[in-house]
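What follows is the residue order along each chain.
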Amino acid sequence: MAYIDPHIHMVSRTTDDYRRMALAGCVAITEPAFWAGYDRSSPQGFFDYFRLLTEYEPQRAAQFGIRHHTWLCINPKEAEDPVFAREVIELIPEFLEKPNVLGIGEIGLNKNSRNELEILEAHIDLAAKSGQMILVHTPHLEDKLKGTKLIMDAIESDGRVDPGRVLIDHVEEHTVRPVLDRGFWAGMTLYPDTKCTPQRAADIIEMHGTERLWINSAGDWGPSDPLAVPKCQQELRRRGHSQETIDTISFNNPSRFLGQSDRFSAEPLVPTA
Amino acid sequence: MSDSHDNCPIDSAEVIRKYFLEHRAKIIDIAAFLDRVDRADGDGASDYRIQAMREAIRIAGDLQPERARRILELLSDPSVEPIEQAPMKGAMGAHDPESDEGG
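Now for a look at the structure at hand. Values in this document were obtained by computation on a predicted structure and should not be read as measured data.

What counts and how
Residues numbered from 1 in each chain as written. Chains lettered and ligands numbered in written order. Predicted model: local features only at pLDDT ≥ 70, side-chain atom pairs only at ≥ 80, totals over all residues. Core = buried A, V, L, I, M, F, W, Y, C linked by C-beta atoms within 7 Å. Buried ≥ 20, exposed ≤ 12 C-beta atoms within 10 Å, placed from the backbone. Helix = DSSP H or I, 4+ residues; strand = E, 2+ residues; numbered from the N terminus. Contact = placed C-beta atoms within 7 Å. Pairing = 2+ DSSP bridges. Right-handed = clockwise from strand over helix to strand, strands pointing away. Nonpolar A, V, L, I, M, F, W, Y, C, P; charged D, E, K, R; others polar. Expected span 1.5 Å × (residues − 1). Bend = angle between axes of the 7 residues up to and from the residue.

1. A short note on the nonpolar core
Working step 1: Counting 80 residues, the largest nonpolar core has Ile66, Ile134, Val166, Ile168, Leu190 and Ala201 of chain A as the members making the most contacts within it.
Working step 2: With six residues, helix H5 (residues 114-130) of chain A is the single largest residue contributor to this core.
Working step 3: Residues contacting leucine 190 of chain A, with those up to four places away along its chain left out, are Cys196, Thr197, Pro198, Ala201, Ile215, Ser217, Ala228, Val229 and Cys232 of chain A.
Working step 4: Core analysis: the next-biggest nonpolar cluster, separate from the first, contains five residues, Ala52, Met53, Ile71 and Ala94 of chain B among them.

Here it is in structure tokens:
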């Protein structure tokens, strides 16, 4: 069954993961820029990272018939130095012309600090001026509830970006309703220890429906699972949900949101390898 | 939109049959973890995370709906204003009431 993983950090995954994802039905992914697990020592490090996301990674994905798309930003984990962060943001516009770039992301907050908020507002400004969609990272654990509210307030306060072109990711039981009620799209990240398990994601679908909701693995260098999306499909199947519900959450909804960019495609791609 | 809103397609007996053993294991893990904290040297019982966990267990055992949401809210920072500076990159899993940060 074809699926889309709309949030996964393939630069941290092996080529074998691409092979396994393709075998499980993955036809398209989107890869937001993120924190590499260490702070880059210069903006040039981001220039190289953006080239990786826009030039090399699409070729690696295409070997297995997976279409690769990306989002660009400096992650809030590296936003505590606003001068450095603004130098990185200045690099982004030239990459927005690349054919696999869908927008600005994953931006947001990490510890809900004033510097992080300043850089979030700078990213929102860039998205508004350049007509880009936004993919939002919400904070971890005890910081998520407060951070999700601050992020939504910042986007609404700016007022230039339609909430229907913003996906707020990593929602859980305490944040999904406010996100949907304010008109944003919501993403559930399937992690083994933090965020949602496939079982809890299925519970949230049962309680809140499938409208403007998707699932993703956010697979990266930490505890995570690049096959989390098909495992959640299996969880929904285990409970007797319809194929329509499974397709809506794992293919049609990501296609609808991402399809607001004419650069997104989930059409079959002949493997290049 | 799905017609599954507010509805699990299987009945409660089937939910229990499919999931009981998995969650039996998890609750014994939690009990064993609290035993381990008690057996270890130090004053683990007064740690804010252990206290939050005990309150979360109380919520999990009550008869009110949306236990998961309420436990996540219990574990969340209740302040509303941005903090002055990020003290670290990670998170602890529960809000420390004695933290100086936050509004």
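On we go.
2. So, the pairing of strand E7 (residues 185-189) of chain A
Residue and element names in this part refer to chain A.
Working step 1: With five of five residues buried, E7 is to be regarded as a mostly interior element.
Working step 2: Side chains Trp185, Gly187 and Thr189 of E7 all project onto a buried face; the interleaved residues Ala186 and Met188 project onto the opposite face, where all are buried too.
Working step 3: As paired strands, strand E6 (residues 166-168) and E7 are joined by two bridges and run parallel to one another. Paired with isoleucine 168 across the strands is alanine 186, a residue of E7.
Working step 4: One crossover worth recording links E6 to the parallel E7 by way of helix H7 (residues 176-181), and it is right-handed.
Working step 5: Pairing between E7 and strand E8 (residues 213-216): four bridges, direction parallel. When the bridges of E8 are listed, methionine 188 appears paired with isoleucine 215.
Working step 6: You can see the chain leave E7, run along helix H8 (residues 198-208) and come back into E8, and the turn it takes is right-handed.

3. Looking at the interface of chain A and chain B
Working step 1: Facing 33 residues of chain A, the contacting portion of chain B comprises 31 residues.
Working step 2: Listed by contribution, the elements that provide at least two residues to the side of chain A that touches chain B are H5, helix H6 (144-158), H8 and helix H10 (243-258) of chain A.
Working step 3: Looking at the side of chain A that touches chain B, its residues break down into six nonpolar, 11 polar and 16 charged.

4. Regarding helix H2 (residues 43-62) of chain A
All names here are of chain A.
Working step 1: Its 20 residues place the ends of H2 28 Å apart at the C-alpha level, agreeing with the 28 Å of an ideal helix rising 1.5 Å per residue.
Working step 2: At tyrosine 56, H2 shows its maximal kink, close to 40 degrees; a proline, proline 58, follows between one and four residues later.
Working step 3: Of all the positions in H2, only Phe46, Phe50, Leu53, Thr54, Glu57 and Ala61 are classed as buried.

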